[in-house]
Amino acid sequence: MKTKLVSAAIIAAAGVTAAGSAAAQSDELVLYCSVQEEWCRAMSEAFQRETGINVLMTRRSSGETYAQIAAESEQPRGDVWWGGTGDPHLQAAQEGLTEEYQSEMLEQMQDWSVRQAETSGYRTVGIYAGGLGFGYNSDLVTENPPACWADLLDERFADDVQVANPNSSGTSYTMLATMVQLMGEDEAFDYLAQLHNNISQYTQSGSAPIRAAATGETAIGIVFMHDAVAQTVQGAPIVAVAPCEGTGYEVGSMSIIAGGPNPDAARTFYDWALTPEAQEIGAANNSFQIPSNVNSETPEAAPRLEDITLIDYDFALYGSSEERTRLLERWDADIGSLPQ
Amino acid sequence: MARSSLTSDQAGAAWLGLLALSLVAFPWYKGAGLLAGPSASALVEAMTGRGWFWPLIAITIAMGGAALTRRWQQSSLVLGLAIAGLLLFLWQGFAVGLRGPSADWVGSLFARAADGQSGLGWGGFLAGIALIGLLSDLAAARGFCRGERFAAFCITAIVALLTVFVFFPILSLGLAAFIDPDGSLALAVFWERLSASELWGIGCLIGSGRCGVVVNTVILGVLSATLATALGLALALLVSRTDFRMKRALRAISILPIITPPFVVGVAIILLFGRTGLVTGGVADLMGVRPSRWVYGLPGILIAQVLAFAPVTFLVLLSTLEAINPTLEEAARTLGAKATTTFRTVTWPLLRPGLAAAFLLAFIESLADFGNPIVLGGGYEVLSVKIFFAVVGARYDLGNAATLAMILLALTLIAFWLQMRWMGNKSYVTVTGKSDAGLAAPLPPILKVAVLAVVLPWVVFTLGVYIIIAAGGFVTDIGRWDLTPTLGHLVTAFRFEFAETGLELYGSAWDSMITTLWVAGIAAPLTTLVGILTAWLVARQDFTGRRAFEFGTMLSFAIPGTVVGVSYVAAFNVPPVDITGTAAILIICFVFRNMPVGMRAGLAALAQIDKSMEEASQTMGAGGATTLRRVVLPLIRPAVFTALVYSFVTAMTAVSAVIFLVSARHNMATAYIMGRVEAGEYALAIAYSAVLMIVMILCVVVIQLLVGTRKLGRRQELQGRGPATEPAE
């Protein structure tokens, strides 16, 4: 009986340890995805079909993904970080969290995509671009629709504007950086403090505000214009607006995480994700960014950068660790602490 | 007593053998498979420069030598060696971290310490188990548990497991709050975090500005517990003190929240009361006002929490009401008191302990609640959500999360302590063996009206919420009230194809669904095993430190899930026990969180069973393990069933601890649902939740079939055979 007992104990212990060390290193890719879930899913599935490599995907906001990669830097668990605004990607590159890789596909990329790669010392690359703006619900805002950033301060939108928290969302950080470049830093924080009176909620996810506007939970959501267009295409009463004063834009990026468990699969995915076929998956899944491969077809509904008054966004400066940390700290102190 | 078999030297020798094997035959570090062979074992590592294994190896050899002598298990020397072995085992794990030695002298002694070491693997864990087994055996040989080896092993093992998986994480959490990541003591930082006005501000109470997150949490907890207790009381009165017809239906409805995955109730409330919600829209049209976002914040969280906690308070108060001896109320009526006076002067005072218990239970649940505040909170911050964003959000700050978690833990423990104190002081026992004849006094008419006025809206509201949950997943977009029926969301979640390579699962929810079922399926029996075993040890074994043992096991229940999650991150993200990102950490987390429930069920069941049957079994020569398996377990099947179902359902629906522990490889259903709610994909979240609820009900039925019910006696069987053996009534 004693032996039985001992062997039972061993088996039980073995069960727990087995579950612990069952880290099979077969054909797998751990993908951290920071675009719309729908697009993430479609990309994972297409890559899985194409290569037979099983994709384990998690979707999180770009700020959250950046924090996760930083927290895991001792033992990286992810392979590729795909999508999300460029600034946190640049910050990760600067801190050595991501790996240098010069894909052969680079020569097929648009200028802004290559510039992103060069800025980071080839630790990241642009995969799509899109302008910042906002969308309003045309059922709720029937007359005198807002056309400029300044219009959002109007009293009639009290408690009716949503934007994400710049700490968690790259979208919202892009807005913060855009305002600083557009107006000057102190004026920008003045503007944001005034806007705060109209904000009903700072969401976690960058595109949540436009989803709330689409269902009528809020009247206006400050988001990238392609996110607003996606709602319109799906039949929501949303009108996308390119603000009259001019606006910033994002270069959505992709990086290979340094020291990830499956480096070969990561490079395979990287090269594949820059092909026109892979980039055109977005449009089929309600994502209307402008793809970075010159041969990729730009979706019909996508807001063209040519039609928007764009500022000369300084990606190198606002993607740098110090500037980003400084602006976010000031946002926490000046805006985040204001009474609701 | 004749216990010759128990004093044999075999068990001790077996543990010693296992210890030796773990040092030479299995890979010590994680990452290598069990059969990777001895090339990566502690012995080989020690010979190639990792000298910190030598002391442990030397002690093992010394014990091996001692084991050749007679009666070595009674020797104090061997016990000392075994304890030293355990300490050295712990020391080798903590002396060298992932990136290098944790103390300078270790580094100067062993050059290779600079390379660091990774977490324990097969060999490491086996060595730990062997040392625990050996120690329990030596203790039993010296008279611990009256020499009962099985019990001694169980107690030692459970204490060791609780230490590693409950106390060690909490300790790590405390350290993370006080100590900087670089290792220096940071009391100033801790104090700054602790005294921050964003925690304790009371601006909202005095009408200027906003309240701190701790104040918010307490306000929410008190309001939510008060309302939930009131509603629970109304329900309990309706069921036990009136002739209300639909009692069974009422009980059924009140069970629903227990199997409802988190977040969906919050979503349903948004769909009903959000700005474009059904009810808000209707009321706004009626009153001619502009629909508002009133539900986001305190009101919304309150509604959701009251809905979720009322069943718990209901059950507590119902049992209190049923335990009040009706003769007391009858006496009051006979003496001429009116119905209202009777209720006020007799029933109500006797209800008070139940009310206190229900209130504190709901308060504790509200503190720990994560799912509702994150969906409905808007700008209203509570501790659990704040902790989550300090760990998972963009501003990763484990120290801050740890400080907040300590505050939450302190609040919870205070509530538990109050509950114990309140319940312990006065005697409210009215049901005795002497007489329980008599009928409970019916509710005074005015109270009955009041109770119905509370309960009926609740029924309507609950039905509304569940109709949305039942239907929302199967229409195009319930958020915009586009009610075209569709199976599209189900397809998104659970699509599969039969390709040439076999079954290919493409739906996005498969990964999390399969992981959840696996984890819950493994965790439930383990939880039950540990829980029932603990109950048996506490109820039936006599050993030193029994009270402390019982208290320690209950403590793991008192810790809020969010705190458990953060403490696991703090403790298990680094060697020696480096298990974050695995399925094991999820299973372990569930086992030790839910084990006290199995233990409580086991204790209650064991209290009803006389010890004499077990004593008979032991007198006839059966050991502890055999008695437990052949006599005790069959008698307490209902407790086993309760423990299994509870731990299974909780593992499927728990969220507060899980969200810290999921990874891309091992994602859980609740974490997946949370992501969908966050992204506004309400329909997908609801569809998945509906599927999850159906799966849960099916699994509960399967458990019922597997465990079966207790069959006591053979009376029916005998009666069928004939009158010859008529049972004595």
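Sequence order as written defines residue numbering, which begins from 1 separately in each chain. To label them, take the chains in the order written and letter them from A, then take the ligands in the order written and number them from 1. With pLDDT at 70 or above as the cut-off, local features in this predicted model cover only qualifying residues; side-chain atom pairs require 80 or more to be listed or tallied, and sums for whole chains, interfaces and linings still use all residues. Side-chain measures were taken over the full set of non-hydrogen atoms in the model, leaving aside hydrogen atoms and water.

Novice: Describe the overall build of chain B, naming the residues involved and giving the relevant values.
Specialist: The way it works is that DSSP assigns letters per residue, a run of H or I at least four long becomes a helix, a run of E at least two long becomes a strand, and they are numbered from the N terminus. Scanning chain B from N- to C-terminus turns up 32 helices and 4 strands. Atoms considered for the radius of gyration are the C-alpha atoms alone. The globule rule reads 2.2 Å times the number of residues to the power 0.38. For 729 residues, the compact-globule estimate of 2.2 N^0.38 gives 27 Å, and the C-alpha radius of gyration of chain B, at 29 Å, lies within 12% of that figure. Referenced to the eigenvectors of the C-alpha coordinate spread, the extents of chain B come out at roughly 85 × 75 × 65 Å. Buried residues are those whose accessible area, probed at 1.4 Å on protein chains only, stays under 20% of the maximum for their type, while exposed residues exceed 50% and partly exposed ones sit between those limits. Going through the 729 residues of chain B one by one, you find that 52% of them count as buried. Here, Shrake-Rupley sampling with a 1.4 Å probe gives the accessible areas, and only protein chains in the shown set may cover a residue. Element-wise, carbon and sulfur atoms account for 67% of the exposed surface of chain B, whose accessible area totals about 32,300 Å². We count Lys and Arg on the positive side and Asp and Glu on the negative side, and we leave His and both chain ends out. Each charge is placed at NZ for Lys, CZ for Arg, CG for Asp and CD for Glu. One finds the centroid of the 48 positive side-chain charges in chain B at a distance of 8 Å from the centroid of its 37 negative side-chain charges.

Novice: Could you give me a rundown of the overall build of chain A, with the residues and numbers involved?
Specialist: Counting its regular elements, chain A contains 14 helices and 11 strands. Its C-alpha radius of gyration of 22 Å places chain A within 12% of the 20 Å reference for a compact globule of 340 residues. C-alpha extents for chain A along the principal axes are approximately 80 × 50 × 40 Å. For chain A, the proportion of its 340 residues judged to be buried stands at 62%. Carbon and sulfur atoms form 46% of the exposed surface of chain A, whose accessible area is close to 12,100 Å². When the 16 positive and 48 negative side-chain charges of chain A are each reduced to one mean point, those points stand 12 Å apart.

Novice: Break down the side chain of Arg50(B) for me, with residues and values.
Specialist: All names here are of chain B. Looking at where Arg 50 falls in the secondary structure, it is placed in the loop between helix 2 (42-47) and helix 3 (54-66). Using a relative accessible area of 10% as the deciding quantity, one classes Arg 50 as buried. Under this definition, polar contacts are N or O atom pairs within 3.5 Å; protein pairs additionally need one hydrogen-donor-capable and one acceptor-capable atom, and for neighbouring residues in sequence, both atoms have to be side-chain atoms. There is a polar contact of 2.8 Å between the side chain of Arg 50 and the side chain of Glu 45. A distance of 2.9 Å separates a polar atom in the side chain of Arg 50 from the backbone oxygen of Gly 116. In this description, contact between two residues means that some pair of their heavy atoms is separated by no more than 4.5 Å. Excluding anything up to four places from it in sequence, Arg 50 contacts Tyr 29, Glu 45, Arg 112, Gly 116 and Gln 117.

Novice: Can you break down the pattern of salt bridges residue by residue, with the values?
Specialist: Salt bridge, as applied in this entry: a Lys or Arg side-chain nitrogen positioned within 4 Å of an Asp or Glu carboxyl oxygen. Enumeration over the complete set of coordinates arrives at 27 salt bridges over all chains. Here Arg676(B) makes a salt bridge to Glu37(A), at a shortest N to O gap of 2.5 Å. With Arg676(B) in helix 30 (residues 669-678) and Glu37(A) in helix 2 (residues 37-51), this residue pair bridges two chains. A single burial state applies to Arg676(B) and to Glu37(A), both of which are buried. One salt bridge connects Arg241(B) with Glu329(B), and the closest N-O pair in it is separated by 3.0 Å. Of this pair, Arg241(B) sits in helix 10 (residues 213-241) while Glu329(B) sits in helix 15 (residues 326-334), and the two are 88 residues apart along the sequence. The burial state of Arg241(B) is the same as that of Glu329(B); both residues are buried.

Novice: Describe a nonpolar patch on the surface, with residues and values.
Specialist: Residue and element names in this part refer to chain B. A contiguous nonpolar surface patch, about 740 Å² in accessible area, is contributed by Phe 496, Phe 498, Leu 503, Leu 505, Ile 514, Trp 518 and Ile 522. Breaking the nonpolar patch down by element, the ones donating at least two residues are strand 3 (496-499), strand 4 (502-505) and helix 22 (510-540). A total of 3 residues in the nonpolar patch trace back to one element, the largest contributor, which is helix 22. Relative to the helices and strands, Leu 503 is located in strand 4. Without a salt bridge and with relative accessible area above 30%, a residue can belong to a patch; like charges are then joined within 9 Å and nonpolar side chains (Val, Leu, Ile, Met, Phe, Trp, Tyr) within 5 Å.

Novice: Can you break down the packing of helix 7 (residues 185-196) of chain A against helix 14 (residues 321-336) of chain A residue by residue, with the values?
Specialist: All names here are of chain A. All axes are obtained by fitting lines to C-alpha atoms, using only the stretch in contact for helices, and the reported angles, taken between N-to-C directions, cover 0 to 180 degrees. One way to put it is that helix 7 packs onto helix 14 with a least axis distance of 11 Å and a crossing angle of 45 degrees. Of the possible angle classes, the one that applies to helix 7 and helix 14 is oblique. For the pair helix 7 and helix 14, the sense of crossing is right-handed. Residue-level inspection shows Glu 185, Asp 186, Phe 189, Leu 192, Ala 193 and His 196 of helix 7 in contact with helix 14, the latter providing Arg 326, Leu 327, Arg 330, Trp 331, Asp 334 and Ile 335. When grouped by side-chain class, the residues that make up the contact of helix 7 with helix 14 number 6 nonpolar, 1 polar and 5 charged. Throughout, the term roughly parallel applies to angles under 35 degrees, roughly antiparallel to angles over 145, roughly perpendicular to angles from 65 to 115, and oblique to all others. Crossing chirality is assigned from the near helix's rotation relative to the far helix, an anticlockwise turn below a right angle marking it left-handed and a clockwise turn marking it right-handed. Think of it as three bins: nonpolar holds Ala, Val, Leu, Ile, Met, Phe, Trp, Tyr, Cys and Pro, charged holds Asp, Glu, Lys and Arg, and polar takes everything else, Gly as well.

Novice: Describe the environment of Leu237(B), and please don't skip the residues or the numbers.
Specialist: Summarising the element assignment, Leu237(B) is placed in helix 10. Setting aside anything within four residues of it in sequence, one finds Leu237(B) in contact with Thr242(B), Leu321(B), Phe343(B), Leu443(B) and Val451(B).

Novice: Now, about the interface of chain A and chain B: what can you tell me, with residues and values included?
Specialist: The interface of chain A with chain B comprises 66 residues on the first partner and 59 residues on the second. Across the contact surface, chain A and chain B share 7 salt bridges. Where Asp477(B) meets Arg211(A), a salt bridge forms, and the shortest distance between an N and an O atom there is 3.4 Å. Our enumeration of links across chain A and chain B arrives at 16 residue pairs in polar contact (both at pLDDT 80 or more). Going through the elements one at a time, helix 1 (2-21), strand 1 (28-33), helix 2, strand 2 (54-59), helix 3 (62-71), strand 7 (199-203), helix 8 (208-215) and helix 14 of chain A are the ones with two or more residues in the side of chain A that touches chain B. When residues of the side of chain A that touches chain B are assigned to their parent elements, the largest contribution, 13 residues, is made by helix 1 of chain A. Across the side of chain A that touches chain B, the residue classes tally to 25 nonpolar, 24 polar and 17 charged.

Novice: Account for empty space enclosed by the protein, naming residues and giving values.
Specialist: Taking a probe equal in size to a water molecule and rolling it over the atoms shows the remaining empty space. All names here are of chain A. The distinction between a cavity and a pocket rests on a 1 Å grid over the protein atoms alone: a 1.4 Å probe fits inside a cavity but cannot get out, while a pocket stays open yet meets protein on both sides within 12 Å along at least five of seven lines, and a residue with an atom within 4 Å of a point counts as lining. Grid points are joined across faces, edges and corners, and a volume is the space filled by probe spheres set on the points. As enumerated under the stated definition, the model contains 8 cavities of 30 Å³ or more in all. Considered as a void within the structure, the largest cavity measures approximately 210 Å³ in volume. Lining the largest cavity are 20 residues, with Ser 34, Val 35, Gln 36, Thr 171 and Asp 227 positioned closest to its centre. At the level of elements, helix 6 (170-183) and helix 9 (225-233) are the ones that each hand at least two residues to the lining of the largest cavity. Class assignment for the residues of the lining of the largest cavity results in 3 nonpolar, 14 polar and 3 charged.

Novice: Could you give me a rundown of the state of the cysteines, with the residues and numbers involved?
Specialist: By disulfide we mean two sulfur atoms from cysteines, separated by a distance within 2.5 Å. Under the criterion given, the structure shown has 2 disulfides over all chains. Covalently, Cys33(A) is tied to Cys40(A) through a disulfide, its sulfur atoms 2.0 Å apart. Residues Cys33(A) and Cys40(A) are joined by a disulfide whose S-S torsion is about -90 degrees; by sign, that bridge is left-handed. Across a sulfur-sulfur distance of 1.9 Å, Cys148(A) and Cys244(A) are joined as a disulfide pair. The chirality of the disulfide connecting Cys148(A) with Cys244(A) is right-handed, given an S-S dihedral of about 120 degrees. One end of the pair, Cys148(A), is in the loop between strand 5 (125-137) and strand 6 (161-164); the other, Cys244(A), is in the loop between strand 9 (238-241) and strand 10 (249-257), and 96 residues separate them in sequence. Cysteine Cys145(B) shares no disulfide, and the gap to the nearest cysteine sulfur, in Cys154(B), comes to 9.0 Å. Summary of cysteine pairing: Cys699(B) is not part of a disulfide, and the nearest cysteine sulfur, belonging to Cys589(B), is at 20 Å.

Distances and angles like these do not, on their own, reveal function.
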